[in-house]
Amino acid sequence: MKLQDLASVRSGLVLSRKQAKEPSEYRYPLINLRCVQQEETIQLNEADIYEAKEPLKKKYLSQSGDIIVRLTAPYTAVLVDETTSGMVVSSNFVVIRVEDKSLLPEYLFWLLNTEKIKRKIYENATSNMLGAVNARFLADFELDLLCVEDQRKISQFNLLAKRERQLLRALTAEKEKFCAGVLNQAYKRAKKGK
C-alpha cells in the first residue's frame, strides 16, 4: 500500500508566499533546518519567528501526530507533539499527516528513521549538490502494514528508547560540567597552596 493512500503528504510552506514585508501581528515559530536534529527531535531554541501578512491556515502549521521529514540529507523524520504543534513548516520539509487508523504516526516515524528506509531515500535523491528527495517519492512509498497492535508495541519501545537516549545525553552533559567544576576547584586550591 502506498503512503499517500493512508496519509496526506505535502511540502511545507514556501515562506515568501505568505511573508509580511514589515513587522506583523501574525507571528509564528518556524521549524527550520537547524531545528531538526539527527537525534530525531525538534530543538525549539533553534526556531525562528515567521511573520505572516495574514493569519495562516491550519494546513501550514504543524499538528500533533504529524511527521516532518527533511528533504535534504540526512533526511531525518521528526514526530510533532504538543510542544511542537502550531509551528510553520518551511518548504525544506515534507509534512505527513496520517489519515487512516490502520497506520499509527508513531510507527511511521520509527519506520522512516530506519537505516533500510533512509538508504532507499538516499538512492532516490536527486543528483544535484543538495541531494534533495522529492515529496512525490514519499507519497508513492510502498508500506507493508503490520497490525495496529504490533505497530503500537514497536512505536512505544522506540519512543521509550529515544527518551532514554535523551536522558543519557543530558546526564553526560551534566557529568562533564560537574567534572570540569571539580577540576577547576582543585586547580584553584592547589594554586593558592603554592
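Predicted, not measured: the structure shown is a model, and the values here were computed from it.

Describing the overall build of the protein chain
- When helices and strands are counted, the protein chain shows five helices and seven strands.
- In sequence order, the protein chain lays out its α and β elements as β-α-β-β-β-β-β-β-α-α-α-α.
- For the protein chain, the C-alpha radius of gyration of 21 Å lies well beyond 16 Å, the compact-globule estimate for 194 residues.
- Each principal axis of the C-alpha distribution contributes one length, and for the protein chain these read about 75 × 50 × 35 Å.
- The proportion of buried residues among the 194 residues of the protein chain is 40%.
- If you take every contact in the protein chain between residues at least 6 apart in sequence, the share linking residues at least 24 apart comes to 75%.
- Here the protein chain displays about 12,100 Å² of accessible surface, and carbon together with sulfur accounts for 53% of that area.

Observations concerning the nonpolar core
- Within the largest apolar cluster, 29 residues are counted, with the highest numbers of intra-cluster contacts made by Leu3, Ile67, Ile96, Leu108 and Leu112.
- Residue assignment for this core shows that the elements contributing at least two residues are β1 (7-11), β4 (67-70), β7 (93-98), α2 (105-112), α3 (115-124) and α4 (135-139).
- Discounting residues that sit within four places of it in the chain, Leu112 has contacts with Ile67, Val69, Ala77, Ile96, Ile117, Lys118 and Leu138.
- Membership of the second largest hydrophobic core comes to 11 residues, among which are Ile68, Val78, Val80 and Met87.

Thoughts on the sheet that holds strand β5 (residues 77-79)
- The strand order β1-β7-β4-β5 describes an open sheet built from four strands, whose pairing is antiparallel. Each of the sheet's edge strands pairs with one partner strand only, and the pair in question is β1 and β5. Averaged over all neighbouring strand pairs, the angle between strand axes comes to 20 degrees, with direction disregarded.
- Judged from the three bridges that link them, β4 and β5 form a sheet pairing that is antiparallel. Counterpart to Val69 in the pairing with β5 is Ala77.
- In the packing of α2 onto the sheet, the strands contacted are β4, β5 and β7, and the crossing angle to β5 comes to about 160 degrees.

Comments concerning the side chain of Arg70
- Structurally, Arg70 can be placed in strand β4.
- If we ignore the near neighbours within four places in the chain, the residues touching Arg70 are Leu33, Val36, Tyr75, Thr76, Asn92, Phe93 and Val133.

Points about the layout of surface pockets
- Taken as a whole, the largest pocket spans an internal volume of roughly 250 Å³.
- Along the wall of the largest pocket there are 15 residues; nearest its centre are Leu79, Asp81, Thr83, Lys162 and Gln166.
- Considering every element that reaches the lining of the largest pocket, the biggest residue donor is helix α5 (residues 148-192), with four residues.
- For the lining of the largest pocket, the residue count by class is five nonpolar, five polar and five charged.
- In this model, the second largest pocket occupies a volume close to 200 Å³.
- Residue lining of the second largest pocket: Tyr107, Trp110, Leu111, Thr114, Lys116, Ile117, Lys120, Phe141, Glu142, Leu143 and Asp144, and that is the complete set.
- Mapped by element, the contributors of at least two residues to the lining of the second largest pocket are α2 and α3.
- Class assignment for the residues of the lining of the second largest pocket results in six nonpolar, one polar and four charged.

Definitions and cut-offs
- Residues numbered from 1 in each chain as written.
- Predicted model: local features only at pLDDT ≥ 70, side-chain atom pairs only at ≥ 80, totals over all residues.
- Heavy atoms only, no water.
- Helix = DSSP H or I, 4+ residues; strand = E, 2+ residues; numbered from the N terminus.
- Rg over C-alpha atoms; globule rule 2.2 N^0.38 Å.
- Buried < 20%, exposed > 50% of the residue type's maximum accessible area, 1.4 Å probe, protein only.
- Contact = heavy atoms within 4.5 Å.
- Areas by Shrake-Rupley, 256 points an atom, 1.4 Å probe, with all protein chains shown as cover.
- Core = buried A, V, L, I, M, F, W, Y, C linked by side-chain atoms within 4.5 Å.
- Pairing = 2+ DSSP bridges.
- Axes fitted to C-alpha atoms, helices over the stretch in contact; angles between N-to-C directions.
- 1 Å grid on protein atoms, 1.4 Å probe; cavity = no way out; pocket = protein on both sides within 12 Å on 5 of 7 lines; lining within 4 Å.
- Points joined across faces, edges and corners; volume = space filled by probe spheres on them.
- Nonpolar A, V, L, I, M, F, W, Y, C, P; charged D, E, K, R; others polar.

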